[in-house]
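Here's the letter readout for the chains.
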Amino acid sequence: MALPSARSEMRVGILLLSVLSLLSARLVGAAQDSGSVIPAESRPCVDCHAFEFMQRALQDLKKTAYTLDTR
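If you're wondering where the values come from, they're calculated on a predicted model, not measured in any experiment.

Conventions adopted
- Residues numbered from 1 in each chain as written.
- Predicted model: local features only at pLDDT ≥ 70, side-chain atom pairs only at ≥ 80, totals over all residues.
- Heavy atoms only, no water.
- Helix = DSSP H or I, 4+ residues; strand = E, 2+ residues; numbered from the N terminus.
- Areas by Shrake-Rupley, 256 points an atom, 1.4 Å probe, with all protein chains shown as cover.
- Salt bridge = Lys/Arg side-chain N within 4 Å of Asp/Glu carboxyl O.
- Patch = residues over 30% accessible without salt bridge, like charges linked within 9 Å, V, L, I, M, F, W, Y side chains within 5 Å.
- Buried < 20%, exposed > 50% of the residue type's maximum accessible area, 1.4 Å probe, protein only.

A. Layout of the overall build of the protein chain. Scanning the protein chain from N- to C-terminus turns up two helices and zero strands. Carbon and sulfur atoms make up 67% of the accessible area of the protein chain, which amounts to about 7,000 Å² in all.

B. Geometry of the pattern of salt bridges. Enumeration over the complete set of coordinates arrives at one salt bridge. Between R56 and E52 there is a salt bridge whose closest N-O contact spans 3.9 Å. Of this pair, R56 and E52 both sit in helix α2 (residues 46–70), four residues apart, which is roughly one turn of the helix.

C. Spatial organisation of a nonpolar patch on the surface. On the surface, L15, L16, L17, V19, L20 and L23 cluster together into a nonpolar patch covering about 590 Å² of accessible area. With respect to the helices and strands, L23 occurs in helix α1 (residues 2–33). For L23, a relative accessible area of 47% gives the class partly exposed.

Listed below in structure tokens is the structure:
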């Protein structure tokens, strides 16, 4: 009688291990999919874009002021 209970415990253990391995494989796959996103270090930040825009706007204003002064 002890033999069938050991077999049933083995089956439950194997089933549990297979379920855990499937879940861990899905988690690893999901982590690899997010690797296709461009990392933040290589993308310019919003502040950098705003700074460049303001620099260009200042240059345009200086040119406009200079042309108005020369007239």
